[in-house]
Amino acid sequence: MAEQLAIGSRRGLKPALPLLLPAYLWLTVAIFLPLSAMVFFSFMTDLPLAGKEWAFTLGNYATFFSQSLYLTLLLASLRLGLEVTLWCVVIGYPAAYVLAKVLKGRSREAIFLLVILPFWSNGLVRIFSWAMVLREGGILDTALNAVLPFKINIDLMYSYPAVIIGLVHSYVPYMVLTCYLTLQAIDDSLIEAGRSLGASRLQVLKRVIIPLSMPGLIAGAALIFVPVVGSFMEPRILGGRTGTFYGTVIEDQFVAVFNWPLGAALSFILLAVVLIILGLAAPVLRRAA
Amino acid sequence: MAGVQVANVSRSFGAHKALDDVSIDFADGGFYALLGPSGSGKTTLLRQIAGFDFPDAGRIAIGGESVERVPVEKRRIGMVFQNYALFPNMSVADNVAFGLSVRGEPKATIAVEVQRALDLVQLGKLGGRRPHQLSGGQRQRVALARAIVTKPRVLLLDEPLGALDKALRVDMQIELKRIQREIGITTIFVTHDQEEALTMSDRIGILRDGRLVQEGPPEEIYDRPQSEFAATFLGDANIFRGDAIGNGIKLPDGTTINAASGASVPAGAKASCAVRPERIQISAGTAKFDAGNANTLKGQVSKRIFAGNNSTYFVERDGQTLKVIVQNTGAERLAEGEPVVLSWSPDSTVLIAAN
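Residues numbered from 1 in each chain as written. Chains lettered and ligands numbered in written order. Predicted model: local features only at pLDDT ≥ 70, side-chain atom pairs only at ≥ 80, totals over all residues. Heavy atoms only, no water.

**Topic: the overall build of chain A**
- Counting secondary structure elements, chain A contains 13 helices and zero strands.
- Moving toward the C terminus, one meets the helices and strands of chain A in the order α-α-α-α-α-α-α-α-α-α-α-α-α.
- With the C-alpha coordinates aligned to their principal axes, the bounding extent of chain A is approximately 75 × 75 × 30 Å.
- Every one of the 289 residues in chain A was classed for burial, and the buried ones make up 37%. (Helix = DSSP H or I, 4+ residues; strand = E, 2+ residues; numbered from the N terminus. Buried < 20%, exposed > 50% of the residue type's maximum accessible area, 1.4 Å probe, protein only.)

**Concerning the side chain of B:Glu228**
All names here are of chain B.
- Residue position: Glu228 is located in helix H8 (residues 228-233).
- Side chain to side chain, Glu228 and Ser272 meet in a polar contact 2.7 Å long.
- Among residues more than four places away in sequence, those in contact with Glu228 are Ile239, Arg241, Ser272 and Ile352. (Polar contact = N/O pair within 3.5 Å; in protein donor to acceptor, adjacent residues only side chain to side chain. Contact = heavy atoms within 4.5 Å.)

**Some details on the environment of A:Ala96**
Residues and elements named next belong to chain A.
- On the secondary structure map, Ala96 appears in helix H4 (residues 68-102).
- Residue Ala96 is classed as buried on the basis of its relative accessible area of 0%.
- Between the C-alpha atom of Ala96 and that of Thr244, which follows or precedes it by 148 residues, the distance is 32 Å.
- For Ala96, the residues in contact, after removing those within four places along its chain, are Val176, Cys179, Tyr180 and Leu183.

**Focus: the sheet that holds strand S9 (residues 203-208) of chain B**
Residues and elements named next belong to chain B.
- Spatial ordering of the open sheet is given by S6-S7-S8-S3-S9-S10, a layout of six strands whose pairing is mixed. Each edge of the sheet is formed by a strand with only one pairing partner; in this case those strands are strand S6 (77-80) and strand S10 (211-216). For this sheet the average axis-to-axis angle between neighbouring strands, irrespective of direction, equals 20°.
- Relative to the sheet, helix H4 (residues 136-148) contacts S6 and strand S7 (154-158), its axis offset from that of S6 by approximately 170°. (Pairing = 2+ DSSP bridges. Axes fitted to C-alpha atoms, helices over the stretch in contact; angles between N-to-C directions.)

**Re the domain arrangement of chain B**
- Under the domain assignment used here, chain B contains domain 1 (4-223) and domain 2 (236-353).
- The centre of domain 1 of chain B, based on its C-alpha atoms, is set 39 Å off from the matching centre of domain 2 of chain B. (Domains from an automatic or database assignment.)

**Here we look at the pattern of salt bridges**
All names here are of chain B.
- Within this structure, the stated rule accounts for 28 salt bridges over all chains.
- Notably, a salt bridge pairs Glu182 with Arg178, separated by 2.9 Å at the nearest N-O pair. Here Glu182 pairs with Arg178, and both are found in helix H5 (residues 166-183), just four residues apart, close to one helical turn.
- Since its relative accessible area comes to 30%, Arg178 is described here as partly exposed.
- Arg317 is paired through a salt bridge with Asp253; the nearest N and O atoms lie 2.3 Å apart. One end of the pair, Arg317, is in strand S18 (residues 310-317); the other, Asp253, is in the loop between strand S12 (248-250) and strand S13 (256-258), with 64 residues separating them in the sequence.
- A network of salt bridges, in which partner residues are shared, links Arg141, Glu175, Arg178 and Glu182. (Salt bridge = Lys/Arg side-chain N within 4 Å of Asp/Glu carboxyl O.)

**Quick look at the packing of aromatic side chains**
- As enumerated under the stated definition, the model contains 19 aromatic pairs over all chains in all.
- Centroid distance A:Phe254 to A:Trp260: 5.5 Å. Interplanar angle 55°. Geometry classified as tilted.
- Residue classification places A:Trp260 among the partly exposed residues on the basis of a relative accessible area of 26%.
- A ring pair is formed by B:Phe31 and B:Phe189, whose centres lie 5.4 Å apart and whose planes are at 80°; its orientation type is edge-to-face. Linking B:Phe31 in strand S3 (residues 31-35) with B:Phe189 in strand S8 (residues 186-191), this pair joins segments that are 158 residues apart in sequence. The same class applies to B:Phe31 and to B:Phe189, which are both buried.
- In this structure an aromatic cluster arises from ring pairing among A:Phe41, A:Phe254, A:Phe258 and A:Trp260.
- When the ring centre of B:Tyr222 is taken as reference, the NZ or CZ atom of B:Arg276 above it lies at 3.8 Å. (Phe/Tyr/Trp six-rings, centres within 6.5 Å; stacked < 30°, edge-to-face > 60°. Lys NZ or Arg CZ within 6 Å of the ring centre and 35° of its normal.)

**Notes on the environment of B:Glu68**
All names here are of chain B.
- Secondary-structure assignment places Glu68 in the loop between strand S5 (65-66) and S6.
- For Glu68, a relative accessible area of 17% gives the class buried.
- What Glu68 contacts, discounting residues up to four positions off in sequence, is Phe54, Pro55, Gly58, Arg59, Ile60 and Arg75.
- At 3.0 Å, the side chain of Glu68 and the backbone nitrogen of Ile60 are in polar contact.

**A short note on the nonpolar core**
- Ranked by internal contacts, the top residues of the largest apolar core, which has 70 residues, are A:Val84, B:Phe26, B:Leu45, B:Leu156 and B:Ile188.
- Take this core: its biggest share by element is eleven residues, from helix H8 (residues 160-184) of chain A.
- Apart from residues lying up to four places away in sequence, B:Phe26 is in contact with B:Gly3, B:Val4, B:Val6, B:Tyr32, B:Leu34, B:Ile49, B:Thr186 and B:Ile188.
- B:Val80, B:Leu134, B:Leu157 and B:Phe189 belong to the second-largest nonpolar core, a separate cluster that totals 44 residues. (Core = buried A, V, L, I, M, F, W, Y, C linked by side-chain atoms within 4.5 Å.)

**Details of H8(A)**
- The end-to-end C-alpha distance of H8(A), which contains 25 residues, comes to 35 Å, matching closely the 36 Å that a straight helix rising 1.5 Å per residue would cover.
- Residue A:Tyr171 marks the point of greatest curvature in H8(A), where the axis turns by about 40°; the proline A:Pro173 follows within four residues. (Expected span 1.5 Å × (residues − 1). Bend = angle between axes of the 7 residues up to and from the residue.)

**Some points on the interface of chain A and chain B**
- Contacts between the two partners involve 18 residues from chain A and, on the opposite side, 21 residues from chain B.
- Of the roughly 1,700 Å² buried at the junction of chain A and chain B (both faces included), carbon and sulfur atoms supply 60%.
- Across the chain A-chain B interface, the total number found is two salt bridges.
- B:Glu73 serves as the salt-bridge partner of A:Arg195, at 2.8 Å between the closest nitrogen and oxygen.
- Our count for the contact surface shared by chain A and chain B stands at seven residue pairs in polar contact (both at pLDDT 80 or more).
- When residues of the side of chain A that touches chain B are traced back to their parent elements, those giving at least two are helix H9 (188-196) and helix H10 (201-229) of chain A.
- The element best represented in the side of chain A that touches chain B is H9(A), accounting for seven residues. (Buried area = accessible area lost by both parts, 1.4 Å probe.)

Right, dumping it as structure tokens:
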């Protein structure tokens, strides 16, 4: 291994350039340039469109701090991110465990396909399907009332739980996949060794399997938490009036109010907050892993 | 510590009979080898004793207590896995401490016991290391320390030395034997290495196709194999097949081979005789000499392999190749193609009923 590394470094970066360049060129053009433009926008008083006057300002950032609404919404979004991530762990980890350690062969492939299926359907279609399920007189309501002897009213539509349900559904495959990968790499004999030493299945899970699958849990959590905090589609469609979050406010700035500079500033504040959270969590998580 | 009794245990996986009515008694404090080719059921049997898998039929008892439906974590066994199965997320000391800690022993007791176990396997100073920082032999010792620190009733080893290179393996064989003697624990180990089984164990059980072929002390199985399989799987053997004539057989060409021990086979029935290569004397010449009731055969050297302290001669005789091992005593060596006479005592010959 050390020898391979030595060879790699002796050759230097040059031979690797043709392999690296396309990806980095693409990232530069597709992400870095627009992002830079957004940074630029966030310091402007107005969009330089249709000959409007504009000047540099810190006002967009100041708006965030001057109105408590934005902070409230940001906290609500962070809470939403946390809750969705937790639900994804609760739902996704056991599924990943069964996929990696219990099922074998054909049945594993079949169940795996079901997990990945949401990825293959359009996001909007997915969310509107949930709307049909969750609303009063919808699929869930009708089905439960058909089975249960008493009348119940289920109208989850336009509520916080509906937003959670929609987001968890969209993001749980990430948790299943990342956890599946780390769980699959854990040798079955480690589980057997634990049990031969007198540990119950639960103790083996707590002291061996979860610590060893921590990298997958962390990767999954990061993949889910970050986009959920900024999400706007699910909150808007499934949350209705209760679905106002930090992400929907940013979307409003771009789509409805047409205040791009404020939208950009709010986005970068979110980015900074998320980075700070991940930065603070990193040492703790690394120790856990 | 306790003995282990396996009585009439059967286990099938689908249509495959992994264990077929196996009964074997492991006495308290003994060192047992389960020997057999791959697929013979030896690992399945070990896993039944460990409790990873339950038998379809039969009884397993540890220390007189029926355990065939007791899950592994309640059986108080120690197990060493082929790949050691050390927890990579824990230090060496934490690995060894695992069994005591899940039991909820006080920290102070754990520290003392862990140190004692690590000292026993001569790794007293490496408690702070991580498993990946250890060599194969060291990992093996950690796995052993981890398995015995909980004072299990029986120690189970699944091809424990399989992953080590030859020199280290011999060291570990001696080491394992020393530790086993020191703590006096009933030990059962699975191996496909006949030499390992011979040198380490008090008793050997040979398995084939899910059945126990023969069980006994190494000397007994080596000197008095009860089947052609046992004779050829544990050590080398020349096998003669013919018709039984009391204490021996008559070969198709009329030659008789006398055996002083072995099965009693009714005259006329198919039977075999087995003789170890090192028991045969080889001498140049064609004359069949009279050596009392010794078995003698004429043949021709087809090949000689010199291995320093001994030579192996392959002797062609009536379409059969016989193997003869001769110690290097400085006597004249026989050339390939040379006609020879082989002779050996009936005491060195075992009569085996045809199977």
